[in-house]
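Given next are the chains, with one letter for each unit.
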Amino acid sequence: MPRGHTYRRLFATGLQDGRTPQVVRWIDDPDPTVGKWIEGVWRDPKTGRLYGWYHAEEIFEGPPRLFLPHIGAVVSDDDGLSWRFLGEVLRAPAELTDMTYRNGFLAGGYGDFCVVPDRAGQYFYLAFSSYISDEAAQGIAMARFPVAMRDNPAAALELWSGSGWAAAPKRLPTPIWPVQRGWRHLDPDSFWGPAIHYNSQLDAFVMLLNHTAGGDHNILQEGIYVSVTRTLDNPASWSPPMRLVAGGAWYPQAIGLAAGCGDGFIDGPARFFMAGYSAWDIEFALTMDPGCKNRVLEATKPLFYSLFGNRHAAPW
């Protein structure tokens, strides 16, 4: 049976005084034995319908006991209390599964992702983690599909090839950050688990990343990193990741606190999460500090961002 479950929780404003979490109902789950967690949600501004994208994990009983993730799409007409399936979006070729992997968790697959629309509302961009056995295709990769195709994203899915976008079928991703040591090892060295939001103060997209290195069958968290870009349509424009937190926990995320903000859009201060837990504020800002230059963003200005956090007396 699946481990864990997706929940819905309603809030009046911000992240305070949320109602009791409610278990989400999967109406037409094609395989209830496979665990599924919604990792991205978007509300259609015209219809109010919610579109979601989930990370699913097939379990391979060992030894070792490993997981094979894939990515799918769902839709909800009752504010996320129940969801109907739209089909798989991205599944790795079966022949690129490897049960000899020693990382302690994964045997290949695509997962641990985020979905964010571009500012023009033309495309959804999907940043995902590639764990397949072809090490040249491992790391953080990008896919996209037109917003107009949100009810059937797989039919129009494109993968970033390193120099442009190409139709996804029978293609392997070209990572924007390849692995330094592959996922077959007990101690992979790789970025994974991207979380992207658009930051209105920077007029840029910000990506938070896990990084593992030096592990021992446990995907040890070496640190949490941050990268920025002005545009999503050119994944090569993401800045080199800079470490934000030494160590830390899996799944970094920033959630905006102002009206209309969330995990995909931030306007001002936000809460910083690790492993679903937040005890910190975080704010991204522009600075002219000559020690913080990023000419990937804009070649003519020493433009970057400063990061600072304040520990809360009590966690959310």
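Structure: see above.
What this report covers is the structure whose coordinates are included nearby.

Rules used throughout
- Residues numbered from 1 in each chain as written.
- Predicted model: local features only at pLDDT ≥ 70, side-chain atom pairs only at ≥ 80, totals over all residues.
- Heavy atoms only, no water.
- Helix = DSSP H or I, 4+ residues; strand = E, 2+ residues; numbered from the N terminus.
- Buried < 20%, exposed > 50% of the residue type's maximum accessible area, 1.4 Å probe, protein only.
- Contact = heavy atoms within 4.5 Å.
- Areas by Shrake-Rupley, 256 points an atom, 1.4 Å probe, with all protein chains shown as cover.
- Core = buried A, V, L, I, M, F, W, Y, C linked by side-chain atoms within 4.5 Å.
- Pairing = 2+ DSSP bridges.
- 1 Å grid on protein atoms, 1.4 Å probe; cavity = no way out; pocket = protein on both sides within 12 Å on 5 of 7 lines; lining within 4 Å.
- Points joined across faces, edges and corners; volume = space filled by probe spheres on them.
- Nonpolar A, V, L, I, M, F, W, Y, C, P; charged D, E, K, R; others polar.
- Polar contact = N/O pair within 3.5 Å; in protein donor to acceptor, adjacent residues only side chain to side chain.

Here we look at the overall build of the protein
Line of reasoning, step 1. The secondary structure content of the protein amounts to 0 helices and 22 strands.
Line of reasoning, step 2. Evaluated residue by residue, the protein yields a buried proportion of 49% over its 316 residues.
Line of reasoning, step 3. The contacts in the protein between residues at least 6 apart in sequence include a share of 51% that link residues at least 24 apart.
Line of reasoning, step 4. Only carbon and sulfur atoms are counted for the fraction: they give 52% of the accessible area of the protein, which is about 14300 Å².

Some points on the nonpolar core
Line of reasoning, step 1. Core analysis: the biggest nonpolar cluster contains 25 residues, and Trp53, Ile71, Val89, Leu90, Leu126 and Phe128 have the highest contact counts within it.
Line of reasoning, step 2. Those elements that place two or more of their residues in this core are strand S5 (50-60), strand S6 (66-76), strand S7 (82-90), strand S8 (110-117), strand S9 (123-130) and strand S10 (139-146).
Line of reasoning, step 3. For Ile71, the contacting residues outside a window of four places in its chain are Tyr54, Glu88, Val89, Leu90, Tyr110, Gly111, Phe113, Leu126 and Phe128.

Re the pairing of S10
Within a regular strand, the side chains alternate between the two sheet faces.
Line of reasoning, step 1. Among the 8 residues that make up S10, 8 are buried, leaving the element largely enclosed by the rest of the structure.
Line of reasoning, step 2. Sheet topology note: the S9/S10 ladder contains 8 bridges and is antiparallel. What sits directly across from Tyr125, in S10, is Arg144.
Line of reasoning, step 3. The pairing of S10 with strand S13 (residues 177-178) spans 2 bridges and is classified as antiparallel. Its bridge partner lying in S13, Gly139 is registered against Pro178.
Line of reasoning, step 4. Summarising the sheet, S10 and strand S11 (residues 158-160) pair through 2 bridges and their orientation is antiparallel. When the sheet's bridge partners are listed, Ala143 is paired in S11 with Leu159.

Looking at the sheet that holds S6
Line of reasoning, step 1. The mixed open sheet is built from 5 strands, whose spatial order is S3-S7-S6-S5-S4. Sheet topology places strand S3 (25-26) and strand S4 (35-43) at the edges, where each strand pairs with a single neighbour.
Line of reasoning, step 2. Taken together, the 5 bridges between S6 and S7 define a ladder with antiparallel strand orientation. Bridge pairing in S7 links Ile71 to Leu90.

Let's talk about the layout of surface pockets
Line of reasoning, step 1. What the second largest pocket holds in volume is close to 190 Å³.
Line of reasoning, step 2. In terms of lining residues, the second largest pocket is bounded by 14 residues, among which Leu90, Arg91, Ala168, Pro169 and Lys170 are the most central.
Line of reasoning, step 3. Across the lining of the second largest pocket, the residue classes break down as 11 nonpolar, no polar and 3 charged.

So, the environment of Ala204
Line of reasoning, step 1. Within the secondary structure, Ala204 is located in strand S15 (residues 204-212).
Line of reasoning, step 2. A relative accessible area of 1% places Ala204 in the buried class.
Line of reasoning, step 3. Not counting the four nearest positions on each side in its chain, Ala204 is found in contact with His197, Tyr198, Asn199, Thr229 and Arg230.

Details of the sheet that holds S15
Line of reasoning, step 1. Spatial strand order, S17-S16-S15-S14-S19: 5 strands in an open sheet with mixed pairing. What marks the edges here is a single partner per strand, and that holds for strand S17 (242-246) and strand S19 (265-266).
Line of reasoning, step 2. Where strand S14 (residues 190-199) meets S15, 8 bridges bridge the pair, whose relative direction is antiparallel. Bridge assignment links Trp192 to a residue of S15, and that residue is Asn210.

What to know about the side chain of Ser237
Line of reasoning, step 1. Structurally, the position occupied by Ser237 is in the loop between strand S16 (221-229) and S17.
Line of reasoning, step 2. With relative accessibility at 14%, the residue Ser237 sits in the buried group.
Line of reasoning, step 3. In this structure the side chain of Ser237 is engaged in a polar contact, spanning 2.4 Å, whose partner is the side chain of Thr229.

Observations concerning unusual backbone geometry
Negative phi characterises most residues that are not glycine, and trans characterises most peptide bonds.
Line of reasoning, step 1. Unusually for a residue other than glycine, Asp79 sits at a positive phi of about 60 degrees.
Line of reasoning, step 2. In this model, His217 sits at a positive phi of 65 degrees, which is unusual for a non-glycine residue.
Line of reasoning, step 3. Here His217 is to be found in the loop between S15 and S16.

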